[in-house]
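A closer look at the structure
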Amino acid sequence: MRLRNIPGARDVIADTSFCIKEPEKLKGKWALKVFKNNNPIHIEIGMGKGQFIMELAKRNPEINYIGIEKYSSVLLRGIQKMEAMEEPLKNLVFIRFDAEYITDIFDEEEIDKIYLNFSDPWPKDRHAKRRLPSKEYIARYRQILIKGHTVEFKTDNIDLFNFALEQIPEAGAELVVKTFDLHSDPVLNEGNIMTEYEERFSSQGNKICKCIIRV
């Protein structure tokens, strides 16, 4: 996936109050230090332009949300959306961060739920460990999630989805439910919030896959 570099994106990220700097210093302290409450914390890894997590935060003010994105030029779009709001969401913050090191910023059982939406498929076999639903990443999620809680994964890439289904038992995790056609599933599609990618891919006739993983 080629990303257009936007000049000044890193400067905006450095200056905005919507993006947390030095997240390593908040390990184990996110709820009280950042959100000033004891509400549960949900995170989206690879938040893209922010449509999904911003809508979640609007609908669920009793939950704290953290959007994580490693590409500055993509994260910039989420920041711009937040800045354009009359009342920015108090239960949502962003981080520019590489999820490979996610255990450096969140403590054991600090997170209640993880969302993975339309993650980079890293199609070459030698890059399998970089895929966000890989057993290596699931092991990281297990460290930060409350025991027995879940990861929700959506993609239109059938190869990546099948890879994820293979990785779940290898990681010692549990497949709670799966669908190869989310938008035709009356149960899993209820309340579904579409990402920008999801809107585009589904409009092109692509089926959306989803699974829920208990770690």
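Since this is a predicted model, take the numbers as computed values, not measurements. (Residues numbered from 1 in each chain as written. Predicted model: local features only at pLDDT ≥ 70, side-chain atom pairs only at ≥ 80, totals over all residues. Heavy atoms only, no water.)

1. Some words on the overall build of the protein
If you tally the helices and strands in the protein, you get seven helices and seven strands. Starting at the N terminus, the α and β elements of the protein follow one another as α-α-β-α-β-α-β-β-α-β-α-β-α-β. Its C-alpha radius of gyration of 17 Å places the protein within 12% of the 17 Å reference for a compact globule of 215 residues. Counting only C-alpha atoms and orienting by the principal axes, one finds that the protein spans roughly 40 × 35 × 35 Å. Counting only carbon and sulfur atoms, one obtains 47% of the accessible surface of the protein, whose full area is about 11200 Å². Each charge sign in the protein was given a centre, from 33 positive and 34 negative side chains, and these centres are 4 Å apart. (Helix = DSSP H or I, 4+ residues; strand = E, 2+ residues; numbered from the N terminus. Rg over C-alpha atoms; globule rule 2.2 N^0.38 Å. Areas by Shrake-Rupley, 256 points an atom, 1.4 Å probe, with all protein chains shown as cover. Lys, Arg positive; Asp, Glu negative; His and termini not counted. Charge placed at Lys NZ, Arg CZ, Asp CG, Glu CD.)

2. Let's talk about the packing of helix α5 (residues 135–144) against helix α6 (residues 158–170)
Two numbers describe a pair of packed helices, the interaxial angle and the distance between the axes. Two elements in contact, α5 and α6, have axes whose closest approach is 9 Å; the angle formed by their N-to-C orientations is 55°. On the basis of the axis angle, α5 is oblique to α6. Two packed elements cross with a definite hand, and for α5 against α6 that hand is right-handed. Only Q167, I168 and E170 of α6 make contact with α5, whose side of the interface consists of K135, E136 and I138. Grouping the constituent residues of the contact of α5 with α6 by class yields two nonpolar, one polar and three charged. (Axes fitted to C-alpha atoms, helices over the stretch in contact; angles between N-to-C directions. Parallel < 35°, antiparallel > 145°, perpendicular 65-115°, else oblique. Left-handed = near helix turned anticlockwise from the far one by under 90°. Contact = heavy atoms within 4.5 Å. Nonpolar A, V, L, I, M, F, W, Y, C, P; charged D, E, K, R; others polar.)

3. Describing the environment of S202
By the element assignment, S202 lies in helix α7 (residues 196–203). Spatially, the C-alpha atoms of S202 and K36 are 38 Å apart, while their sequence positions differ by 166 residues. Setting aside residues up to four positions removed in sequence, S202 forms contacts with H183, M194 and I208.

4. A short note on the layout of surface pockets
When its volume is computed, the second largest pocket comes out at roughly 180 Å³. What lines the second largest pocket is a set of 16 residues, among which F52, Y115, E152, G191 and K210 lie closest to the centre. Considered class by class, the residues forming the lining of the second largest pocket number seven nonpolar, three polar and six charged. (1 Å grid on protein atoms, 1.4 Å probe; cavity = no way out; pocket = protein on both sides within 12 Å on 5 of 7 lines; lining within 4 Å. Points joined across faces, edges and corners; volume = space filled by probe spheres on them.)

5. Regarding helix α4 (residues 72–83)
What sets the pattern is the α-helix's 3.6 residues per turn: residues three or four places apart point alike. Under the 1.5 Å per step criterion, the end-to-end length of α4 is 16 Å for 12 residues, consistent within 8% with the ideal 16 Å. Within α4 the residues assigned to the buried category are S72, S73, V74, L75, L76, G78, I79 and M82. Residues of α4 that are buried make contact with α1 (9–15), α3 (51–59), β2 (64–69) and β3 (92–96). (Expected span 1.5 Å × (residues − 1). Buried < 20%, exposed > 50% of the residue type's maximum accessible area, 1.4 Å probe, protein only.)

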